[in-house]
Amino acid sequence: MTEVITQTPPILTGAPSDKERKYDRQLRLWAASGQAALESSHILLVNSGTGTVGIETLKNLVLPGIGKFTIADDAIVRDSDLGVNFFLDEDGLGKSRAQHCTELLVELNPEVQGDWFPKNGEPLSLPDVLGNEGPYTAVLYALPVHPRCELLLQEYCNQNKTPLIAVHSTGFYADFKITFPGPFPVVETHPDVTATTDLRLLSPWDELIDFARGMTKDIDSLDNHEHGHLPFVVILLHYLDVWKATHNSAYPSTYAEKVAFRKMVSEAARTDNPEGGEENFDEAVAAVLKTVSPPSLPGDVKEVFAYEHDSPIRSSFWIIADAVKEFYEKHGCLPLPGGLPDMKAQSSVYIQLQNIYKRKARRDAAEVFESVRRASGGDAIDPAEVDLFCKNAAFVKLINPKNNDPERLLEVADEELANDEMAKEGIMPPSLFPIYLALRATAYTPSVETSFPEDILKDMMTLVPQLGDQEPYAHERYEQAAQEVIRGASGELHNVSAVMGGMVAQEMIKIITKQYIPINNTCIFDGIGSRCQVLRL
Amino acid sequence: MSDVTMAEATSAYTPESTRVDETKRWTYVDNIRTNPGPFSDPIAGTQEAIEQFDKIKVLGAGGLGCEILKNLAMSKFRDIHVIDMDTIDVSNLNRQFLFRKDDVGKFKAEVAAAFVMRRVKGVDITPHNCRIQDFDAEFYKQFQFVICGLDSIEARRWINAMLVSIAEEGEDADSLIPMIDGGTEGFKGQARVIVPTITSCIECQLDMHAPRAAVPLCTIASIPRQPEHCIEWAHVIAWDQEKPFPQLDKDDPEHITWLYQKALSRAQEFKIEGVTYSLTQGVVKNIIPAIASTNAIISGACCNEAFKLATSAAPPLGIEDNYMMYSGNDSIYTYTFKHEKKPDCPVCGQLSRPLQVNPRMTLQDLVDSLAVRPEAQLKKPSIRAESKTLYMQFPPSLEEQTRANLDKTLLDLGLEDGQNVVVTDPAYPLEFNFSLQFKKEV
């Protein structure tokens with residue numbers, strides 16, 4: 001099969017294309033690879049209720065340039081829609097809400113396609129939209145819905161391995177839940193740059209040792225300029241050697257030893273120069289506690305290594321993960337990421353040191369690549385993917401959903417009730433679980449306008465029987481949540497749905513681009529206290 | 001300013017639609033406004049509260065303007081002003097959703113106001129295509145709230161100082177104009193509510209926005225190691241030496257291309273990798289990544305606070321918790337807390353703020369350090385001690401007279417430990433009081 005790849009011809013000046021200019025502020029977050037993933041995605045929104053939160057989400061996905069969206073919604077635009085949904089106007093009154101929203105959304109970005117169902121006022125056939133119009137990259141639906149509709153969506157997403165997101169916004173309260181179709185690994189988690197420094201000062205390799213020793217063998221006879229430009233990595237390697245010579249060849253390991261070592265480095269700085277000190281030694285002193293430590297395996301990576309697969313079908317992620325695990329077991333450390341933070345040094349010295357780290361990283365990645373190639377299914381894997389994994393090895397993350405565990409809700413309820421015991425003392429903010437439960441209890445009720453708080457509270461207690469045993473304070477918080485949901489009368493507040501639409505869109509972007517870390521798996525927003533809580537349910 | 005065109009626009013405009021039943025239209029908002037909930041203020045839902053709401057006049061400003069205007073209009077605010085001096089750039093289109101490709105080059109405030117008035121019949125939005133600093137206290141006093149999505153710390157500090165001074169000089173509660181401030185960077189952002197003189201203000205919170213550490217000039221000039229160092233060299237050294245164009249325009253691709261090529265050849269000379277056009281632009285313009293979804297979250301949170309303040313339908317941020325931090329990089333995390341008012345805040349506090357100094361530093365060092373210290377961040381400071389002028393940036397004659405002081409140390413100038421100094425800066429309409437704290441000699 002031949003694929004025609006259309007590419008913008010490289011411009012000699014390096015100036016950006018029109019598209020790069022338009023998307024500049026987001027390309028700085030997820031790069032061309034993330035953008036390409038967005039552009040080939042197709043999102044389905046099954047809309048219901050007052051219909052705003054899903055449309056606000058789509059707005060935030062159309063703007064950055066998803067490929068296509070489809071709206072399934074059989075509602076007709078009413079006067080009340082115009083007071084809550086910005087992507088409707090008077091011209092749409094009495095017409096299909098799905099069509100009218102689609103038309104006003106595609107205006108936002110000519111590169112995005114939009115479609116809607118039903119086309120001619122016939123009843124909405126969800127099986128047709130699911131079966132004939134996909135495949136979908138992700139499916140979003142707004143609550144309340146009929147349970148039968150939810151079941152159809154769950155079945156589709158389960159079969160097609162599609163992430164499913166349910167969102168519910170009413171009055172000042174809202175929540176959403178992501179159902180991942182299986183384990184969801186992320187390589188490009190974008191940790192804070194300051195967290196990624198990995199200098200291997202306690203396990204230097206020959207090339208690094210030789211370089212450092214070459215620079216420091218006559219450290220005391222260096223002139224002030226040379227001494228003041230030794231890279232801090234070289235300074236630390238030198239004084240670690242000095243330390244070992246007086247400590248039975250052992251590195252400083254306890255906190256007290258590291259503080260003593262830091263003092264040793266600090267005292268080695270020259271102060272008889274015009275500046276009265278040396279910046280590079282200041283940098284070395286500041287780096288001791290963070291960088292003088294043996295390599296360790298972060299918990300998230302342990303989880304990846306320990307993951308047991310239910311099925312033999314495995315993606316490139318898992319083949320590479322196995323190879324990295326093999327590397328780790330053999331060498332006692334992960335492949336070197338290869339980055340070197342900026343530090344005071346002569347340009348050429350810094351570049352040489354940077355290349356020493358880069359070369360080691362390339363050798364490590366090549367070793368991982370060799371074992372990837374030996375694995376079954378590994379021969380098709382792109383070396384660039386192996387490089388990317390190795391570079392991010394310490395920060396890979398596995399979202400491991402445990403779907404459909406009926407006991408989970410009760411477990412969380414116990415945890416959150418216990419949490420509120422402490423919240424009462426003012427140690428921590430109160431749990432948002434009451435809001436979750438009140439929303440959940442009304443997730444299938446088309447309108448709560450005629451309900452009473454007692455009805456909702458009763459449904460909440462059916463879901464979580466422990467509620468009945470609570471003392472009045474805790475009980476009251478659940479009752480208040482029920483009252484607040486009744487007050488919303490199944491209508492959305494635009495601001496709350498705008499916040500929610502932003503949060504759901506962020507999560508969907510993370511899922512589509514496989515960059516940054518999505519929630520696992522439920523997020524509750526309290527528009528009264530202005531805060532969120534994430535729970536795994 | 002385009003007052004003439006605005007007047008025309010207003011006269012030609014039908015305030016409410018004839019096709020929509022306005023009562024039905026606002027069903028959901030009015031539900032919340034008229035039915036108090038378990039957390040509402042007792043005034044919520046009363047006739048008084050309803051009438052008060054309808055008279056509210058609110059001001060929005062800055063890069064979150066599109067979202068803020070949409071949200072305010074959809075919250076049934078009817079009288080909105082918007083200030084934005086910027087014109088639309090193609091790089092705004094990925095998030096500022098009221099603008100289209102054809103609008104590039106037009107004033108943001110004008111295009112945004114016209115769009116929202118077209119979409120939401122009955123709302124009146126007055127655009128001002130200028131800087132917030134172009135208005136005086138009289139202008140700001142007409143509003144009940146100010147919502148800012150400004151992209152510069154300087155503009156935030158200016159409007160904060162303005163609103164605090166209105167509150168200090170005012171006699172009744174009407175002079176307390178809450179400021180709701182939002183800002184974003186990538187997947188992160190913050191929303192906060194400031195009640196001038198009552199709660200912690202932007203200046204109290206200044207250290208939460210510490211400026212990025214500057215790269216030392218000697219690194220840029222002689223020992224570059226990073227692509228950014230090469231770009232800074234092209235920007236601050238090569239440009240001045242060669243003056244390829246009369247004035248650097250950071251939005252002109254030709255100028256950026258010149259800097260990029262200069263930086264690239266310097267990088268090649270030092271064997272440094274990673275200079276790209278995009279990085280050049282990012283460093284020179286100090287570009288902060290921005291996406292639609294984060295702007296939606298933060299603007300929604302800000303307007304939700306405005307709605308709560310205006311309706312009493314639920315307790316707003318302010319007196320207790322006043323600050324919400326949002327982070328979406330790793331799962332979702334919010335931290336909502338009370339930022340305490342600082343008694344030594346130069347804007348809303350009574351005490352002067354301590355400034356740690358070395359008595360042997362020169363006045364020039366002190367002046368330079370004021371720009372980078374997180375608690376000051378003043379770029380063009382003039383300084384005077386109780387009875388004598390130490391250094392004045394303006395006017396030129398005074399600058400010349402006081403310039404000789406710059407080379408003197410604080411001790412030479414006769415300054416003492418604990419001495420109060422007053423600093424002014426043309427960017428802010430106020431005086432900053434600092435007290436010098438001499439560092440002990442080691």
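Residues numbered from 1 in each chain as written. Chains lettered and ligands numbered in written order. Predicted model: local features only at pLDDT ≥ 70, side-chain atom pairs only at ≥ 80, totals over all residues. Heavy atoms only, no water.

If you look chain B up in an unreviewed UniProt entry, it shows as NEDD8-activating enzyme E1 catalytic subunit from Sodiomyces alkalinus. Looking at the Sequence similarities (unreviewed entry) heading of the UniProt record, one finds this comment for chain B: "Belongs to the ubiquitin-activating E1 family. UBA3 subfamily." We quote the UniProt Function (unreviewed entry) comment for chain B here in full: "Catalytic subunit of the dimeric E1 enzyme, which activates NEDD8." (UniProt positions renumbered as here; feature names shortened; annotations may be inferred.)

Named according to an unreviewed UniProt entry, chain A is NEDD8-activating enzyme E1 regulatory subunit originating from Sodiomyces alkalinus. Turning to chain A, the UniProt annotation filed under Function (unreviewed entry) states: "Regulatory subunit of the dimeric UBA3-ULA1 E1 enzyme."

## Considerations on the overall build of chain A
A tally of helices and strands in chain A yields 20 helices and ten strands. Over its C-alpha atoms, taken along the principal directions, chain A stretches across nearly 85 × 65 × 50 Å. In chain A, which comprises 537 residues, the proportion classed as buried is 53%. When contacts within chain A are restricted to residue pairs at least 6 apart in sequence, those whose partners lie at least 24 apart make up 70%. Only carbon and sulfur atoms are counted for the fraction: they give 52% of the accessible area of chain A, which is about 23,400 Å². Charged side chains of chain A number 48 positive and 78 negative; the gap between the two group centres comes to 5 Å. (Helix = DSSP H or I, 4+ residues; strand = E, 2+ residues; numbered from the N terminus. Buried < 20%, exposed > 50% of the residue type's maximum accessible area, 1.4 Å probe, protein only. Contact = heavy atoms within 4.5 Å. Areas by Shrake-Rupley, 256 points an atom, 1.4 Å probe, with all protein chains shown as cover. Lys, Arg positive; Asp, Glu negative; His and termini not counted. Charge placed at Lys NZ, Arg CZ, Asp CG, Glu CD.)

## Some details on empty space enclosed by the protein
All names here are of chain B. Summed over all chains, the structure comprises two cavities of 30 Å³ or more. If you add up the space inside the largest cavity, you get close to 100 Å³. Lining the largest cavity are 14 residues, with Gly62, Gly65, Cys66, Asp84 and Lys108 sitting closest to its centre. Going through the elements one at a time, β1 (57-62), α5 (65-74), β2 (79-83) and α6 (108-119) are the ones with two or more residues in the lining of the largest cavity. Residue classes in the lining of the largest cavity are distributed as eight nonpolar, four polar and two charged. The computed volume of the second largest cavity comes to approximately 40 Å³. (1 Å grid on protein atoms, 1.4 Å probe; cavity = no way out; pocket = protein on both sides within 12 Å on 5 of 7 lines; lining within 4 Å. Points joined across faces, edges and corners; volume = space filled by probe spheres on them. Nonpolar A, V, L, I, M, F, W, Y, C, P; charged D, E, K, R; others polar.)

## Describing the confidence of the model for chain A
Mean pLDDT over chain A works out to 93, with 97% of the residues at or above the 70 mark. Note on residues 1-12 of chain A: pLDDT is under 50 here. Beyond four places in sequence and across chains, it has one contact. (pLDDT = per-residue confidence, 0-100.)

## Notes on the UniProt feature "domain: E2 binding" (unreviewed entry) in chain B
With numbering aligned to this structure, UniProt lists the feature "domain: E2 binding" (unreviewed entry) at residues 355-439 of chain B. Annotated as 21% helix and 27% strand, the span residues 355-439 of chain B places its first and last C-alpha atoms 10 Å apart.

## Some points on the packing of helix α5 (residues 126-133) of chain A against helix α6 (residues 147-160) of chain A
All names here are of chain A. Across the interface, α5 lies against α6 with an axial gap of 10 Å and an inter-helix angle of 15°. Considering their axes alone, α5 and α6 lie roughly parallel with respect to each other. Pair α5 / α6 crosses with right-handed handedness. Contacts from Leu126, Pro127 and Leu130 of α5 reach α6 at Cys149, Leu152, Leu153 and Tyr156. Grouping the constituent residues of the contact of α5 with α6 by class yields seven nonpolar, no polar and no charged. (Axes fitted to C-alpha atoms, helices over the stretch in contact; angles between N-to-C directions. Parallel < 35°, antiparallel > 145°, perpendicular 65-115°, else oblique. Left-handed = near helix turned anticlockwise from the far one by under 90°.)

## Thoughts on the environment of Thr199(B)
Residues and elements named next belong to chain B. Along the polypeptide, Thr199 turns up in the loop between β6 (188-194) and α9 (217-221). If we ignore the near neighbours within four places in the chain, the residues touching Thr199 are Val193, Ile194, Gly318, Ile319, Asn322 and Lys341. There is a polar contact of 2.8 Å between the side chain of Thr199 and the backbone nitrogen of Val195. (Polar contact = N/O pair within 3.5 Å; in protein donor to acceptor, adjacent residues only side chain to side chain.)

## Remarks on unusual backbone geometry
In this structure, Pro118(A) follows Phe117(A) across a cis peptide bond, with omega equal to 0°. Locating Pro118(A) in the fold gives a position in the loop between β3 (113-117) and α5. For the bond running from Phe394(B) to Pro395(B), omega is -15°, close enough to zero to count as cis. By secondary structure assignment, the location of Pro395(B) is in the loop between β11 (389-391) and α15 (396-403). The backbone of Ser530(A) shows a phi angle near 55°, a positive value even though the residue is not glycine. Positionally, Ser530(A) belongs in the loop between β9 (522-526) and β10 (531-535).

## Focus: the sheet that holds β2(B)
Residues and elements named next belong to chain B. The strand order across the open sheet formed by eight strands is β3-β2-β1-β4-β5-β6-β7-β8, and the pairing between neighbours is mixed. Where the open sheet ends on each side, the last strands, each with one partner, are β3 (124-128) and β8 (333-337). Taken over all neighbouring pairs, the strand axes of this sheet differ in orientation by 15° on average, direction set aside. When β6 meets strand β7 (residues 323-327), the two strands line up antiparallel, connected through five bridges. Residue pairing across strands places Ala191 opposite Met324, the latter belonging to β7. Against the sheet, helix α8 (residues 153-169) makes contact with β4 (145-149), β5 (179-185) and β6, and its axis sits at roughly 170° relative to β5, the strand it touches most. (Pairing = 2+ DSSP bridges.)

## Some remarks on the side chain of Glu203(B)
Residue and element names in this part refer to chain B. Here Glu203 shows up in the loop between β6 and α9. You can call Glu203 buried: its relative accessible area is 1%. Among the polar contacts made by the side chain of Glu203, one reaches the side chain of Arg157 at a distance of 2.9 Å. The contact partners of Glu203, leaving out residues within four places of it in the chain, are Arg157, Asn160, Cys345, Pro346, Val347, Arg353 and Phe432.

## Remarks on the interface of chain A and chain B
Taken residue by residue, the interface counts 87 residues in chain A and 87 residues in chain B. With both sides pooled, the region where chain A packs onto chain B buries about 7,200 Å², and carbon together with sulfur makes up 58% of that total. The largest per-residue losses of area from chain A upon contact with chain B belong to Arg25(A), Phe86(A) and Arg487(A), which jointly make up 13% of the total buried on that side. Between the two partners, chain A and chain B, sit nine salt bridges. Between the two partners, chain A and chain B, sit 41 residue pairs in polar contact (both at pLDDT 80 or more). At the level of elements, α1 (18-22), α2 (24-39), α3 (53-62), β6 (173-179), α14 (347-374), α19 (472-488), α20 (494-513) and β10 of chain A are the ones that each hand at least two residues to the side of chain A that touches chain B. (Buried area = accessible area lost by both parts, 1.4 Å probe. Salt bridge = Lys/Arg side-chain N within 4 Å of Asp/Glu carboxyl O.)

## Looking at the domain arrangement of chain A
Each domain of chain A was delimited in the assignment, giving domain 1 (19-187 + 495-535), domain 2 (199-207 + 229-291), domain 3 (299-399) and domain 4 (406-487). Distance from the C-alpha centre of domain 2 of chain A to the C-alpha centre of domain 4 of chain A: 55 Å. (Domains from an automatic or database assignment.)

## Let's talk about the domain arrangement of chain B
For chain B, the assigned domains are domain 1 (35-210 + 290-337), domain 2 (217-285) and domain 3 (353-438). Each of domain 1 of chain B and domain 2 of chain B was reduced to a C-alpha centroid, and the two centroids are 37 Å apart.

## Description of the packing of aromatic side chains
Inspection of the entire model under this criterion finds 31 aromatic pairs over all chains. Seen from their ring centres, Phe86(A) and Phe87(A) are 5.5 Å apart, and the 85° between their planes marks the pair as edge-to-face. Across this residue pair, the class does not change: Phe86(A) and Phe87(A) are buried. Through a chain of ring-to-ring contacts, three or more aromatic side chains come together here, namely Phe135(B), Phe139(B), Tyr140(B), Phe143(B) and Trp158(B). (Phe/Tyr/Trp six-rings, centres within 6.5 Å; stacked < 30°, edge-to-face > 60°.)

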